[in-house]
Amino acid sequence: MILNIRSLVLIPAFLGLFAGVALADDATGKPGPAPNRQQWCADNPQKCQEIKTRMQEKCAQDPKRCEEMKARAAELKAKCDANPEECQKKREQMKSRRAEMRAKCEANPEECKKRREEMREHRKECRENPDSCRRPARDKASTEKPST
């Protein structure tokens with residue numbers, strides 16, 4: 001499977017949003033654990049409220065997309081409940097990828113800035129024309145059940 005830049009950005013974004021902000025840091029640099037979002041919110045009420053507010057704004061702007069994301073989050077939660085070891089493995093992989101990306105950005109901030117701007121432009125284009133950004137194979141794969 002070949003990952004494109006959109007996948008490398010969107011996958012961590014969705015996992016971060018819906019896995020309980022697994023990679024968020026509070027003021028002391030302590031990571032926010034995904035499995036216990038209530039505790040993380042109790043420890044970081046301001047950040048928790050900011051995230052909730054941002055999510056409410058996004059849902060108000062595009063309710064259909066919000067419902068799709070909530071359904072995807074529920075699906076991911078069910079998979080994690082069924083196979084926590086696999087979920088933990090994926091979480092660790094994402095943390096590793098994020099650390100690699102941070103290291104690359106620290107080594108070459110101009111390249112990172114350029115890629116960020118390209119991604120912002122791409123997202124803007126996708127908002128204007130969502131059908132051009134959807135990948136039919138991925139959409140189809142998410143609706144089909146694996147044959148095991």
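Figured I'd write up the structure that's included with this text. Computed from a predicted model, the values in this text were never measured in an experiment.

Some words on a positive patch on the surface
Taken together, the side chains of R54, K58, K64, R65, R123, K124, R127 and R134 define a basic patch exposed on the protein surface. Breaking the positive patch down by element, the ones donating at least two residues are α3 (45-61), α4 (63-82) and α6 (109-128). Tallying contributions element by element places α6 first for the positive patch, with three residues.

Side note on the pattern of salt bridges
Across all of its chains, the model carries five salt bridges by this definition. E75 is the partner of R72 in a salt bridge, and the nearest nitrogen-oxygen pair spans 3.1 Å. Residue R72 and its partner E75 are both found in helix α4; the two are separated by three residues, about one turn of the helix. A residue is classified by how much of its surface remains accessible, and R72, at 34% relative accessible area, is partly exposed. With a shortest N-O distance of 3.7 Å, E75 and K79 are connected by a salt bridge. Note that E75 and K79 are positioned in helix α4 at a spacing of four residues, about one turn of the helix. Under the relative-accessibility criterion, E75 is labelled partly exposed at 28%. Relative accessible area serves as the criterion here: at 49%, K79 is assigned to the partly exposed category. Put simply, R72, E75 and K79 are held in one network by salt bridges that share partners.

Parameters at a glance
- Residues numbered from 1 in each chain as written.
- Predicted model: local features only at pLDDT ≥ 70, side-chain atom pairs only at ≥ 80, totals over all residues.
- Heavy atoms only, no water.
- Patch = residues over 30% accessible without salt bridge, like charges linked within 9 Å, V, L, I, M, F, W, Y side chains within 5 Å.
- Areas by Shrake-Rupley, 256 points an atom, 1.4 Å probe, with all protein chains shown as cover.
- Salt bridge = Lys/Arg side-chain N within 4 Å of Asp/Glu carboxyl O.
- Lys, Arg positive; Asp, Glu negative; His and termini not counted.
- Charge placed at Lys NZ, Arg CZ, Asp CG, Glu CD.
- Helix = DSSP H or I, 4+ residues; strand = E, 2+ residues; numbered from the N terminus.
- Buried < 20%, exposed > 50% of the residue type's maximum accessible area, 1.4 Å probe, protein only.

Taken by themselves, the reported measurements are silent on function.
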